[in-house]
Amino acid sequence: MVDEGLRKRGCPCTKDYFLHKKSFQSWGNYGRAALMETTLRLRDRVLARSMDQTELVEMKARSQHEMKKTLTWWDLMWFGLGGIIGAGEDTGPAVVLSFVFSGVSAMLSVFCYTEFAVEIPVAGGSFAYLRVELGDFMAFIAAGNILLPNVIGGAAVARAWTSYFAKLCNHQPNDFRIVAHGLGPDYRYLDPIAVVVIAIICFLAVLSTKGSSRFNYIASIIHIIFIVFIIVAGLTKADTKNYSNFAPNGARGIFKSSAVLFFAYVGFDAVSTMAEETKDPGRDIPIGLVGSMAITTLAYCLLAVTLCLMQPYRHINEVDPFSVLTFEAVGWGWSQYIVAAGAIKGMTTVLLIGAMGQARYLTRIARTHMIPPWLGHVNEMTGTPVNATVVMLAATAIIAFFTNLSILADLLSISTLFIFMLVALALIVRRYYASGVTTPANRNKLIVFLLLILGSSIATATYCATTTDAWIGYVITGPIWLVGTVGLWLFVPQAREPKIWGVPLVPWLPSLSIAINIFFLGSFEKKSFEKFGIWTLIILVYYFLFGLHASYDTAKEAGNDISEMKNVEDGAVPS
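Residues numbered from 1 in each chain as written. Predicted model: local features only at pLDDT ≥ 70, side-chain atom pairs only at ≥ 80, totals over all residues. Heavy atoms only, no water.

Visitor: Report on the overall build of the protein, specifying residues and quantitative values.
Guide: The helix and strand inventory of the protein stands at 21 helices and four strands. Counting across all 575 residues of the protein, residues that qualify as buried make up 58%. Roughly 23100 Å² of accessible area belongs to the protein as shown, and the carbon and sulfur atoms make up 68% of that amount. (Helix = DSSP H or I, 4+ residues; strand = E, 2+ residues; numbered from the N terminus. Buried < 20%, exposed > 50% of the residue type's maximum accessible area, 1.4 Å probe, protein only. Areas by Shrake-Rupley, 256 points an atom, 1.4 Å probe, with all protein chains shown as cover.)

In structure tokens form, the structure reads like this:
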């Protein structure tokens, strides 16, 4: 329980507010009550599930003050449009198909996120959804892989901001960076401008959510004007000969680019974290999320078609701002300033929405006390999570100062695909399993069919990654996925219907989302998975040493007053 005096002062920056749980009161407690019971506590956290009501009421109360409900579908729509940005790959003109495939997969994920956000409209997005359906342990693993891609994405965009600003000033990107020759080649170009930009974004993000929204949609409207300019002006220089070699790397290249281009759709995940500040979640969230994703996918495809018609794809430099170089190549050098200015506008809003999403993720995780609860504090005057915002953007600024996009893009996409897959899985669990409703027989059938869906999807991705022109494997894995999905559809009754808005065609759409996300994961190189594995190992070490015990103590303390968690083994009706 938080001391009442701390609540009144509004600045709970004491030692107890960082490590006030029973397990951390002394080294003896930590050794005997915590570490010695790690296995027992882990089992409890794996099996325990949070309840919707807990997320909606008790968890929010731990932030001491409420976030202000000021957002409508209009704000969410523009947040979605402003929070999304893309990158390029060696796909040739067929990059448009990569954007389509990525967009379809992202739209399936949007459906899943939307149902959760409508039913559990709290800050934290997928962390809260997974905690309700898959438990504390999986939620934390996901959380670590949510925060890292957001920090990486913000750092990459901040450095790209510098590149476009340099172009606007008739300079090369590294002209505005400090060269530290003693560092490795990937870390030696220090970027102070990126740090300054992030600091300004931090100020805007903590000042006011509604104010940030107004700034965002004004900037996003300007950005859309620039996009229209690129498309219209670019098509006047179109040459269909540039499409003669449509897919130089074949289907494999298209799918690989689709996976990497998932970076382009990360923004909507951040928007879902703002559900707690939405006036009418049942109406505003579906319109805002689905609408912005549809518009964004269309815009990406039109841009890809236009740019590849303007210039042979091999001449589009993906390291330098590609649209600027493309316009220079067709003799419109003057337009580089318009394009650069538009890009700066777009990246500014991406940084802003990303900062807001990161802070709300961190706030929601801190409410469970898996990380210091000080980070879950909401400022009484601004109604924003100031502490979490400052901490997350400080981490983003440190990475942006040293690191470039090329060594981080794959890790960002892997983490994003992993989270989207888990959310789709959680949606199926939510629809088909409810303690006290689902019989043990139906629960077991659910597990078997989910294993078929997951196993066949992993096998398909592995087969694609390890073979070239063979197809026989798909004849085996495809039907297995179909059996798993049909089995769910026909033999397991749904235990819960959505109250307001639900994903259509369940289990087909979430099952397809699982399969596509895992398939995209198979497109990455071994080194990318090694980075992902190392980071996951780091957050597991943290969890076993700190997060597990803090959240266990918190749940048990709350259990004295309220039933915070339910156990998947309790309350099942006999078969």
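After that view, the rundown keeps rolling.
Visitor: Outline the packing of aromatic side chains, supporting the account with residue identities and numerical values.
Guide: A complete count under the given rule lists 21 aromatic pairs for this structure. Aromatic side chains F165 and F176 sit 5.8 Å apart centroid to centroid with 45° between the ring planes, which places their arrangement in the tilted category. A residue pair is termed long-range when its members are at least 10 positions apart, and F165 in helix α8 (residues 136-168) and F176 in the loop between α8 and β2 (178-179) qualify at eleven residues. Taking relative accessible area as the criterion, F176 reaches 23% and is therefore assigned partly exposed. On the numbers, 5.0 Å between centres and 90° between planes, the contact of Y463 with Y474 is edge-to-face. Taken together, the residues Y463 in helix α18 (residues 440-466) and Y474 in helix α19 (residues 472-491) connect sequence positions eleven residues apart. (Phe/Tyr/Trp six-rings, centres within 6.5 Å; stacked < 30°, edge-to-face > 60°.)

Visitor: Tell me about the pattern of salt bridges, and name the residues and values.
Guide: All told, the structure shown has 17 salt bridges when counted by the stated rule. The shortest N-O distance in the salt bridge between E119 and R430 comes to 3.0 Å. Here R430 lies in helix α17 (residues 409-432) and E119 lies in helix α6 (residues 95-119), a separation of 311 residues in the sequence. Of the two residues, E119 and R430, neither departs from the other in class, the shared state being buried. The salt bridge involving D284 is made with R283; its shortest N-O contact spans 2.9 Å. On the basis of relative accessible area, D284 is assigned to the buried category, the value being 0%. Through salt bridges with shared partners, a single network forms among D44, R45, E55, R131, D136 and R364. (Salt bridge = Lys/Arg side-chain N within 4 Å of Asp/Glu carboxyl O.)

Visitor: Any details on the nonpolar core? Residues and values, ideally.
Guide: Ranked by size, the top nonpolar core spans 133 residues in total, and within it F99, F268, L488 and I514 carry the most contacts. Top contributing element to this core by residue count: α17, with 17 residues. In this structure, L488 is in contact with I428, Y432, L446, F449, L450, I453 and P507, ignoring residues within four places of it in sequence. Residues I230, I231, L307 and V339 belong to the second largest nonpolar core, which totals seven residues. (Core = buried A, V, L, I, M, F, W, Y, C linked by side-chain atoms within 4.5 Å. Contact = heavy atoms within 4.5 Å.)

Visitor: Could you give an account of a nonpolar patch on the surface, with specific residues and numbers?
Guide: A cluster of nonpolar side chains, namely W471, I472, Y474, V475, I476 and I480, defines an oily patch on the protein surface of about 590 Å² accessible area. With respect to the helices and strands, I476 occurs in helix α19. Classification of I476 by relative accessible area gives exposed; the value is 54%. (Patch = residues over 30% accessible without salt bridge, like charges linked within 9 Å, V, L, I, M, F, W, Y side chains within 5 Å.)

Visitor: Tell me about α18, and please be specific about residues and values.
Guide: Side chains of residues three or four places apart in an α-helix project in the same direction, reflecting 3.6 residues per turn. Taking 1.5 Å per residue as the helical rise, α18 with its 27 residues ought to reach 39 Å, and the 39 Å between its terminal C-alpha atoms agrees with that figure. Regarding α18, the residues found buried are N442, L446, F449, L450, I453, L454, S456, S457, T460, A461, Y463 and C464. (Expected span 1.5 Å × (residues − 1).)

Visitor: Quick one: what's the story with the environment of M67, residue by residue and with numbers?
Guide: On the secondary structure map, M67 appears in the loop between α4 (52-61) and α5 (73-82). In sequence terms M67 and G383 are 316 residues apart; their C-alpha atoms lie 4.5 Å from each other. The residues touching M67, leaving out its near neighbours within four places in the chain, are A123, E276, E277, R360, T363, R367, V378, G383 and P385.

Visitor: I'd like a description of unusual backbone geometry, backed by residues and values.
Guide: Omega for the peptide link from V506 to P507 comes to 10°, which places this bond in the cis form. Tracing the chain through its elements places P507 in the loop between α19 and α20 (508-521). Of note in the backbone geometry, L505 takes a positive phi value of approximately 55° without being a glycine. Note on placement: L505 falls in the loop between α19 and α20. Residue L505 is classed as exposed on the basis of its relative accessible area, which comes to 59%.

Visitor: Got a sec to walk through the confidence of the model for the protein? Specific residues and values, please.
Guide: Overall, the predicted model of the protein reaches an average pLDDT of 81, with 86% of residues at or above 70. Note on residues 568-575: pLDDT is under 50 here. Beyond four places in sequence and across chains, it has 22 contacts. (pLDDT = per-residue confidence, 0-100.)

Visitor: Any chance you could break down the environment of W481 for me, citing the residues and the numbers?
Guide: With respect to the secondary-structure elements, W481 resides in helix α19. Judged by relative accessible area, W481 falls into the buried class, the value being 17%. Put simply, W481 and L452 are 29 residues apart on the chain and 6.2 Å apart in space, counted from C-alpha to C-alpha. Leave out the neighbours within four places in its chain, and W481 touches I453, S456, S457, W508, S511, L512 and A515. A distance of 2.9 Å separates polar atoms of two side chains, one belonging to W481 and the other to S511. (Polar contact = N/O pair within 3.5 Å; in protein donor to acceptor, adjacent residues only side chain to side chain.)

Visitor: Describe the packing of helix α10 (residues 209-235) against helix α13 (residues 281-310), and please don't skip the residues or the numbers.
Guide: The geometry of a pair of packed helices is captured by two quantities: the angle between their axes and the separation between those axes. For the pair α10 and α13, interaxial distance at closest approach is 9 Å and the crossing angle is 35°. Of the two elements, α10 crosses α13, and the hand of that crossing is left-handed. Counting all contacts with α10, which are made through I227, I230, I231, G234 and L235, the residues of α13 involved are L302, L303, T306, L307, L309 and M310. Of the residues that constitute the contact of α10 with α13, the class distribution is nine nonpolar, two polar and no charged. (Axes fitted to C-alpha atoms, helices over the stretch in contact; angles between N-to-C directions. Left-handed = near helix turned anticlockwise from the far one by under 90°. Nonpolar A, V, L, I, M, F, W, Y, C, P; charged D, E, K, R; others polar.)

Visitor: Give me the side chain of S109: which residues, what numbers.
Guide: Note that S109 resides in helix α6. We classify S109 as buried; its relative accessible area is 1%. Excluding anything up to four places from it in sequence, S109 contacts F268, F420, S513 and N517.

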